[in-house]
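# Observations on chain architecture
Listed below are the residues making up each chain.
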Amino acid sequence: MSEKTVSILRAIGNPNKAKIIAHLAKHRGETAEGIGKHLGYPLPTVYKYLRELEAASAVESEAKGNTRVYFAGDFKLEVSPEKLMEAFEEQTMMDLYKGRFGAEGVEKFNNVAAKAKAGKMTFRQAAATLGITYYEFISLLEEVGALDA
Amino acid sequence: MLKRFVVDSSVLIFYDRKRKLEDFLLAKKKENYKIIIPKAIAQEVIDEPKEFAREIKQTAPESAKRILESVKRFNTAIEQGLIQVENVNYREYSKVIDNVRKHLSRLDAIPEYAVKKGDPELIALVIQLYGEAKEKVFVATLDKGLLKALKPFGGLVDYEVIERT
């Protein structure tokens with residue numbers, strides 16, 4: 001199964017995100033404000049969902065003057081129990097981290113990540129403190145949304 | 001004239017995980033930036049994840065596969081010249097590297113030997129690139145601590161931080 005298929009399956013696993021795609025299929029070129037108004041979602045949530053949907057290639061956007069408009073991505077999915085199993089059996093970096101360090105490790109990650117995010121230590125030092133690679137640390141930060149603007 | 005742009009692996013890994021690495025690199029190329037990373041950073045996006053994938057292959061094969069795909073994307077970007085790996089001249093910039101190590105060891109309250117290689121190499125590369133051409137060097141990182149560490153060297157180098165590129 002392609003990465004794009006897996007990403008889209010994950011994205012539409014959330015009914016709110018799926019509703020955004022459905023809305024965009026009908027209202028091409030809608031703004032984030034328009035989506036929020038129509039579906040009743042707070043604007044920060046709409047932006048978060050749109051970012052995730054764009055990352056999954058389930059939604060596309062383009063600049064139009066000073067604003068950004070959104071379109072449903074051009075995709076087709078074939079879903080079967082086997083394909084779903086394949087899509088969701090991959091463990092997240094946090095699953096892997098939890099498996100190695102347990103709940104205590106997660107608490108330590110949260111503390112160290114907060115310090116690193118505040119600039120009290122560099123990300124590399126944070127990774128070294130946790131005993132993980134820099135790649136894992138950045139992946140974990142990305143996964144928990146700590147790197148989003 | 002190409003604008004020299006030192007990009008931290010925090011930015012590269014972030015875009016790669018969002019499946020937007022190639023878009024980011026091509027966009028910067030179009031904007032006339034030449035993306036340069038030191039060797040230590042190349043190791044962070046290639047050698048270290050490759051080793052990590054090998055470690056988890058038995059217990060998490062899908063995750064290992066995904067990490068190896070990421071490594072492949074970085075290798076391809078380097079092969080295609082979208083990312084240039086530069087050696088830091090340790091002989092010429094050893095004093096700078098020592099100073100960065102000292103600064104980071106104070107910042108993080110750790111011994112100097114425990115300072116990770118990527119931070120001093122990245123800062124030394126910024127200074128080295130400026131020293132070579134005496135032209136502004138552009139820097140991108142998501143790491144505030146690293147930017148703090150770069151700041152005291154502002155007198156030695158003309159650099160500009162590109163926020164959330």
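Residues numbered from 1 in each chain as written. Chains lettered and ligands numbered in written order. Predicted model: local features only at pLDDT ≥ 70, side-chain atom pairs only at ≥ 80, totals over all residues.

### Describing the interface of chain A and chain B
Listed per partner, the contact involves 23 residues of chain A and 33 residues of chain B. The set of elements that each furnish at least two residues to the side of chain A that touches chain B consists of α6 (93–117), α7 (123–130) and α8 (134–143) of chain A. For the side of chain A that touches chain B, the element with the most residues is α8 of chain A, which contributes six residues. Residue classes in the side of chain A that touches chain B are distributed as eleven nonpolar, six polar and six charged. (Contact = placed C-beta atoms within 7 Å. Helix = DSSP H or I, 4+ residues; strand = E, 2+ residues; numbered from the N terminus. Nonpolar A, V, L, I, M, F, W, Y, C, P; charged D, E, K, R; others polar.)

### Some thoughts on unusual backbone geometry
Residues and elements named next belong to chain B. At Arg 19, a position not held by glycine, the phi torsion is positive, near 60°. Mapped onto the fold, Arg 19 is located in the loop between α1 (9–17) and α2 (21–30). Judged by the 17 C-beta atoms lying within 10 Å of it, Arg 19 falls in the partly exposed class. Within the chain, Asn 32 stands out as a residue other than glycine whose phi angle is a positive 75°. Among the structural elements, Asn 32 can be located in the loop between α2 and β2 (33–38). Asn 32 gets classed as exposed once you count the C-beta atoms within 10 Å, which come to 10. (Buried ≥ 20, exposed ≤ 12 C-beta atoms within 10 Å, placed from the backbone.)

### What about the sheet that holds strand β3 (residues 67–72) of chain A?
Residue and element names in this part refer to chain A. Taken in spatial order, the three strands make up an open sheet running β1-β3-β2, and their pairing is antiparallel. The sheet is open, and its two borders are formed by β1 (30–31) and β2 (59–64), each paired with just one other strand. Pairing between β2 and β3: six bridges, direction antiparallel. Bridge pairing links Glu 62 to Val 69 in β3. The strands touched by helix α2 (residues 15–26) within the sheet are β1, β2 and β3, with β3 carrying the most contacts at an inclination of about 95°. (Pairing = 2+ DSSP bridges. Axes fitted to C-alpha atoms, helices over the stretch in contact; angles between N-to-C directions.)

### Observations concerning the packing of α8 of chain A against helix α4 (residues 47–56) of chain B
Two numbers describe how α8 of chain A lies on α4 of chain B: the axes approach to 8 Å, and their chain directions differ by 85°. Taken together, α8 of chain A and α4 of chain B sit at an angle that is classed as roughly perpendicular. Here Tyr 134, Tyr 135 and Glu 136 of chain A of α8 of chain A lie close against α4 of chain B, whose contacting residues are Glu 48, Pro 49 and Phe 52 of chain B. (Parallel < 35°, antiparallel > 145°, perpendicular 65-115°, else oblique.)

### A look at the environment of Ala 133 of chain B
Along the chain, Ala 133 of chain B turns up in helix α7 (residues 118–133). Here the alpha-carbon distance between Ala 133 of chain B and Val 6 of chain B, two residues 127 residues apart in the chain, equals 14 Å.

### So, the environment of Lys 136 of chain B
Residue and element names in this part refer to chain B. Position of Lys 136 among the secondary structure elements: in the loop between α7 and β4 (137–140). Residue class for Lys 136 comes out partly exposed when judged on the 13 C-beta atoms lying within 10 Å of it. Along the chain, Lys 136 and Ile 162 lie 26 residues apart, while their C-alpha atoms are 12 Å from each other. Those residues in contact with Lys 136, other than ones at most four positions away along the chain, are Asp 158, Tyr 159 and Glu 160.

### Quick notes on the domain arrangement of chain A
What the domain assignment reports for chain A is domain 1 (3–82) and domain 2 (91–143). The centre of domain 1 of chain A, based on its C-alpha atoms, is set 29 Å off from the matching centre of domain 2 of chain A. (Domains from an automatic or database assignment.)

### As for the nonpolar core
Across soluble globular proteins, nonpolar side chains have a tendency to be buried as a group. Within the largest apolar cluster, 70 residues are counted, with the highest numbers of intra-cluster contacts made by Phe 137 of chain A together with Val 6, Ala 124 and Val 126 of chain B. The element contributing the most residues to this core is α7 of chain B, with seven residues. If you look at the next biggest cluster of nonpolar residues, it comprises 16 residues, including Ala 11, Ala 32, Ile 35 and Ala 58 of chain A. (Core = buried A, V, L, I, M, F, W, Y, C linked by C-beta atoms within 7 Å.)

### Examining the sheet that holds strand β5 (residues 159–161) of chain B
Note on sheets: strands pair through backbone hydrogen bonds, and any given pair is parallel or antiparallel. Residues and elements named next belong to chain B. An order of β3-β2-β1-β4-β5 is seen for the five strands of this open sheet, with the pairing classed as parallel. The open sheet has two edge strands, β3 (84–86) and β5, and neither has a second partner. Adjacent strand axes in the sheet meet at a mean angle of 35° when their direction is disregarded. Bridge analysis of β4 against β5 gives three bridges, and the strand direction is parallel. When the sheet's bridge partners are listed, Val 139 is paired in β5 with Val 161.

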